[in-house]
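Residue-level structure breakdown
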Amino acid sequence: MSTSVSVGQLLMLYGWFVLAALTLFLGLIARFYGKFSGERTFYPLFLLPLGLFGIAAVRYASVDRVAGDSLGDLATALAGLLLLVLSARLYWLMVLNKHGEPAP
C-alpha cells in the first residue's frame, strides 16, 4: 500500500510552517518588549494559536479538504481570534500611550 501526498495537503502543511514562523516571531517581539519595558505582554500565550493552527492544518490535511471540517474550522476560528486579541493588545502596549494617541 502506497501513501501519496496531494498538492493540497503539501500546501496546507507548508502554509502552516509559514504561519508558525510569523506567530513565533510575533511572540518573540512580545517577549522582548515585555522584558525591557516591564509591561505584561503574555508572550507565552502566543503558543496557543500556534498549536490550534497546527491542529487545524493536520486535520485539514488528513481529510484532504481546505474547509468544511467542523473541528478544523473551530480550531482555525479560535486561533485566529486569539491571535487577533494578542496582536491588538501588543500593538496597544507598544504604540499607543495611555491617552490613546500614538507615542512620539
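A short tour of the structure in this document, coming up.

The rules behind the values
- Residues numbered from 1 in each chain as written.
- Predicted model: local features only at pLDDT ≥ 70, side-chain atom pairs only at ≥ 80, totals over all residues.
- Heavy atoms only, no water.
- Helix = DSSP H or I, 4+ residues; strand = E, 2+ residues; numbered from the N terminus.
- Buried < 20%, exposed > 50% of the residue type's maximum accessible area, 1.4 Å probe, protein only.
- Contact = heavy atoms within 4.5 Å.
- Axes fitted to C-alpha atoms, helices over the stretch in contact; angles between N-to-C directions.
- Parallel < 35°, antiparallel > 145°, perpendicular 65-115°, else oblique.
- Left-handed = near helix turned anticlockwise from the far one by under 90°.
- Nonpolar A, V, L, I, M, F, W, Y, C, P; charged D, E, K, R; others polar.
- Phe/Tyr/Trp six-rings, centres within 6.5 Å; stacked < 30°, edge-to-face > 60°.
- Core = buried A, V, L, I, M, F, W, Y, C linked by side-chain atoms within 4.5 Å.

A word on the overall build of the protein chain
Of regular secondary structure, the protein chain possesses three helices and zero strands. If you list the helices and strands of the protein chain from N to C, you get α-α-α. In the protein chain, which comprises 104 residues, the proportion classed as buried is 24%. Taking all contacts inside the protein chain whose residues are at least 6 apart in sequence as the whole, residues at least 24 apart take part in 60%.

Observations regarding the environment of Phe17
With respect to the element layout, Phe17 can be found in helix α1 (residues 7-37). Spatially, the C-alpha atom of Phe17 lies 9.7 Å from that of Ala57, the residues being 40 residues apart in sequence.

Some thoughts on the packing of helix α2 (residues 47-63) against helix α3 (residues 70-95)
One way to put it is that α2 packs onto α3 with a least axis distance of 8 Å and a crossing angle of 155°. Comparing their axes, α3 and α2 come out roughly antiparallel. Taken as a pair, α2 and α3 cross one another with a handedness that is left-handed. Listed contacts from α3 to Leu48, Pro49, Leu52, Phe53, Ile55, Ala56, Arg59 and Tyr60 of α2 are Leu71, Gly72, Asp73, Ala75, Thr76, Leu78, Ala79, Gly80, Leu82, Leu83 and Leu86. Residues of the contact of α2 with α3, tallied by class, amount to 14 nonpolar, three polar and two charged.

Let's talk about the packing of aromatic side chains
Geometrically, a pair of aromatic rings is defined through the distance of the ring centres and the angle of the planes. Across all of its chains, the model carries two aromatic pairs by this definition. The interplanar angle of 55° and the centroid separation of 4.8 Å between the aromatic rings of Phe32 and Phe36 together place this pair among those described as tilted. You can see Phe32 and its partner Phe36 sitting in helix α1, four residues apart, about one turn around the helix. Just as Phe32 is exposed, Phe36 falls in that class too.

Quick look at the nonpolar core
For soluble globular proteins, nonpolar side chains are generally found buried alongside one another. Within the largest apolar cluster, seven residues are counted, these being Ala30, Phe46, Phe53, Ala79, Leu83, Leu86 and Leu90. Non-local contacts of Leu83, meaning those with residues more than four positions away in its chain, are made with Thr23, Leu26, Phe46, Pro49 and Phe53. By size, the runner-up hydrophobic cluster in this structure holds five residues, among which are Met12, Ala56, Ala57 and Tyr60.

What about the packing of α1 against α3?
Where α1 meets α3, the axes come as close as 11 Å, and the angle between the chain directions of the two elements is 35°. Handedness of the crossing formed by α1 with α3: left-handed. Note on element contacts: α3 touches α1 through Leu83, Ser87, Leu90, Leu93 and Met94, opposite Thr23, Leu26, Ile29, Ala30 and Tyr33. Residue composition of the contact of α1 with α3, by class: eight nonpolar, two polar and no charged.

Concerning the environment of Ser87
Mapping Ser87 onto the fold places it in helix α3. Residues contacting Ser87, with those up to four places away along its chain left out, are Leu26 and Phe46.

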